[in-house]
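# A closer look at the structure
The residues making up each chain are set out below.
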Amino acid sequence: LFHFGIMSSRMHMAWVKPFCGRLKSDFRYSKDIVYNNFPWPEAASEPQWATAEKAAKAVLDARAQFLDATLADLYDPTTMPPVLAKAHADLDRAVDRCYRKEPFPHDLARVEQQIAHQREMASRLQRARDEAQATLAELGSHIHDDQQKLDALREAVADAEPRLELLQEGDLARQDALRDAETK
């Protein structure tokens, strides 16, 4: 219901108008341009979320009172039922509060706030990417150092192998000599 409420709100419509394409006078809603770039209210508290859900439910309940009407009939500005208009006004207030405490004076303020929010998100993502790249570079350096240590250990083991074989051969020869001495 929360997502339905956001998508049905004036906040979302304020975003749709400048970013959607048009086919005649109808919007051409693109998931890539409009939906995926829409800044959802990340910091909405549980009470704000619940209020928006309750308001979204009220919109659906208001629509349910007019089962014979089409959406075009219900949303005609000249014939919109007052109960539906009130439900949408309540939804718009609830959604606006998910973004900030004070009301928005107009749709341009909504879009400006959303763009500022999007820029902040992009900035955070840029910082996260930069930190991840620095961490990867540091890990790469450690891996390089560790690889050099591993290579040195392998070389030491390879150098020790012939000596170990000689020592083992010497041990076997000594054991044979001790056995021979014991049997005499």
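Residues numbered from 1 in each chain as written. Predicted model: local features only at pLDDT ≥ 70, side-chain atom pairs only at ≥ 80, totals over all residues. Heavy atoms only, no water.

### Structural notes on the environment of Gln 113
Structurally, Gln 113 is set in helix 7 (residues 107-183). A sequence separation of 14 residues divides Gln 113 from Tyr 99, and the C-alpha atoms of the two residues are 8.5 Å apart. For Gln 113, the contacting residues outside a window of four places in its chain are Tyr 99 and Phe 104. (Helix = DSSP H or I, 4+ residues; strand = E, 2+ residues; numbered from the N terminus. Contact = heavy atoms within 4.5 Å.)

### Things to note about the packing of helix 4 (residues 46-64) against helix 6 (residues 82-99)
Across the interface, helix 4 lies against helix 6 with an axial gap of 8 Å and an inter-helix angle of 165°. Overall, the two elements helix 4 and helix 6 adopt an arrangement that is roughly antiparallel. Two packed elements cross with a definite hand, and for helix 4 against helix 6 that hand is left-handed. Here Gln 48, Thr 51, Ala 52, Ala 55, Ala 56, Ala 58, Val 59, Ala 62 and Arg 63 of helix 4 lie close against helix 6, whose contacting residues are Val 83, Leu 84, Ala 87, His 88, Asp 90, Leu 91, Ala 94, Arg 97 and Cys 98. Here the residues of the contact of helix 4 with helix 6 sort into twelve nonpolar, three polar and three charged. (Axes fitted to C-alpha atoms, helices over the stretch in contact; angles between N-to-C directions. Parallel < 35°, antiparallel > 145°, perpendicular 65-115°, else oblique. Left-handed = near helix turned anticlockwise from the far one by under 90°. Nonpolar A, V, L, I, M, F, W, Y, C, P; charged D, E, K, R; others polar.)

### A short note on the layout of surface pockets
Approximately 590 Å³ is the volume found for the largest pocket. As for the largest pocket, its lining consists of 19 residues, of which Ser 8, Ser 9, Met 13, Tyr 75 and His 88 are closest to the centre. Top element by residues in the lining of the largest pocket is helix 2 (residues 10-19). It accounts for five residues. A per-class count over the lining of the largest pocket returns ten nonpolar, four polar and five charged. (1 Å grid on protein atoms, 1.4 Å probe; cavity = no way out; pocket = protein on both sides within 12 Å on 5 of 7 lines; lining within 4 Å. Points joined across faces, edges and corners; volume = space filled by probe spheres on them.)

Worth remembering: the numbers are spatial, not functional.
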